[in-house]
Amino acid sequence: MRKILEVKNLSKHFGNHHVLKDINLKINEGDVVTIIGSSGSGKTTLLRCLNLLNEPDSGQIIFNENDLMDPTTNLDALRMKIGMVFQSFNLFNNKNVIENCTLAPIKLLNMTKEDANLLALKFLDKVGLKDFAYKRIDTLSGGQKQRVAIARALCMNPSIMLFDEPTSALDPELTGEVLQVMKDLVHEGMTMIIVTHEMQFAKEVSNRIIFMDQGYIVEEGSPKQIFNQPKEERTKSFLKRF
């Protein structure tokens, strides 16, 4: 298995608050790794550090054999290969669906508008929204917006997809449609790191679960091991709530 991402001794403070403490992590191609833990445990900060949306204080992030923390690294080129789907969609409301999807390929990959549109339609079809291509963003439901956000990330042909609580802003009936799109990506072999509170989903799709608490990775293992036989007391007490 080809190693796609490695995190070594990663640390992050916000002011006096030590948010990430000596994080070590390896992700191979095709891995689906879900990060679970209470609010404030450092999950989202870790995810945002992986593409340097939050800059770590120390440590290394090796992505496709390049250290993202090295000042000589071409960060923009590497970042294009890291897809990110946010909790709050982060779409441009003043643009329609297809414009949201084609903006980055045209600007960053120098695609023609025609080629970018074909690509966007392909991925909008994949997430079940091809018929919505020319709709305004503010006319869509939350679930539709999140599926547009996934299509937009896929248009950049990423090597890895990061999902930060992709369903936490959605009503329960809309959550299912987003999780289904993510399941489809898993079946296609997409490498994914997912922060979520959806434990059943985590159990179904992940090959590895990471439990974080107070800025540490406390335990990691297969879904079976973590959910059925957690070793650490902190993991046990967290999972009792579900």
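What you see is a predicted model, and the numbers here were worked out from it, not measured in a lab. (Residues numbered from 1 in each chain as written. Predicted model: local features only at pLDDT ≥ 70, side-chain atom pairs only at ≥ 80, totals over all residues. Heavy atoms only, no water.)

**Focus on the packing of helix 5 (residues 142-154) against helix 6 (residues 172-187)**
Okay, step 1: The geometry of helix 5 relative to helix 6 is characterised by a closest axis approach of 8 Å and an angle of 20° between their N-to-C directions. The angle between helix 5 and helix 6 places the two elements in the roughly parallel class. Our pair here, helix 5 against helix 6, has a crossing hand that is right-handed. Where helix 5 approaches helix 6, its residues Gly 142, Gly 143, Gln 144, Gln 146, Arg 147, Ile 150 and Leu 154 are matched on the opposing element by Leu 174, Glu 177, Val 178, Val 181, Met 182 and Leu 185.
Okay, step 2: Grouping the amino acids of the contact of helix 5 with helix 6 by side-chain chemistry returns seven nonpolar, four polar and two charged. (Axes fitted to C-alpha atoms, helices over the stretch in contact; angles between N-to-C directions. Helix = DSSP H or I, 4+ residues; strand = E, 2+ residues; numbered from the N terminus. Parallel < 35°, antiparallel > 145°, perpendicular 65-115°, else oblique. Left-handed = near helix turned anticlockwise from the far one by under 90°. Contact = heavy atoms within 4.5 Å. Nonpolar A, V, L, I, M, F, W, Y, C, P; charged D, E, K, R; others polar.)

**Quick word on helix 1 (residues 43-50)**
One turn of the α-helix equals 3.6 residues, which is why residues spaced by three or four share an orientation.
Okay, step 1: Of all eight residues making up helix 1, six are buried, and the element is well covered by its neighbours.
Okay, step 2: Along helix 1, the positions that sit buried rather than exposed are Lys 43, Thr 45, Leu 46, Leu 47, Cys 49 and Leu 50.
Okay, step 3: Taken from the residues just after helix 1, Leu 52 is the one with a positive phi, measuring 60°. (Buried < 20%, exposed > 50% of the residue type's maximum accessible area, 1.4 Å probe, protein only.)

**Overview of the layout of surface pockets**
Okay, step 1: If you add up the space inside the largest pocket, you get close to 670 Å³.
Okay, step 2: Contributing to the lining of the largest pocket are 20 residues, with Arg 79, Ile 82, Ala 104, Leu 108 and Met 156 lying nearest its centre.
Okay, step 3: At the level of elements, helix 2 (75-79), strand 6 (82-85), helix 3 (97-108) and helix 5 are the ones that each hand at least two residues to the lining of the largest pocket.
Okay, step 4: Take the lining of the largest pocket: its biggest share by element is five residues, from helix 3.
Okay, step 5: In the lining of the largest pocket, the residues fall into twelve nonpolar, four polar and four charged. (1 Å grid on protein atoms, 1.4 Å probe; cavity = no way out; pocket = protein on both sides within 12 Å on 5 of 7 lines; lining within 4 Å. Points joined across faces, edges and corners; volume = space filled by probe spheres on them.)

**Thoughts on the sheet that holds strand 6**
Okay, step 1: Taken in spatial order, the six strands make up an open sheet running 6-7-8-3-9-10, and their pairing is mixed. Every other strand in the sheet has two partners, leaving strand 6 and strand 10 (216-221) as the edge strands with one partner each. Adjacent strand axes in the sheet meet at a mean angle of 20°, parallel and antiparallel pairs treated alike.
Okay, step 2: Alignment of strand 6 against strand 7 (residues 160-164), held across four bridges, turns out to be parallel. Along strand 7, the bridge assignment pairs Val 85 with Phe 163.
Okay, step 3: Here helix 5 sits on the sheet and contacts strand 6 and strand 7; the angle it forms with strand 6, its principal contact strand, is near 170°.
Okay, step 4: Along the sheet, helix 6 contacts strand 3 (32-36), strand 7 and strand 8 (191-195); its crossing angle with strand 8, the most-contacted strand, is approximately 145°. (Pairing = 2+ DSSP bridges.)

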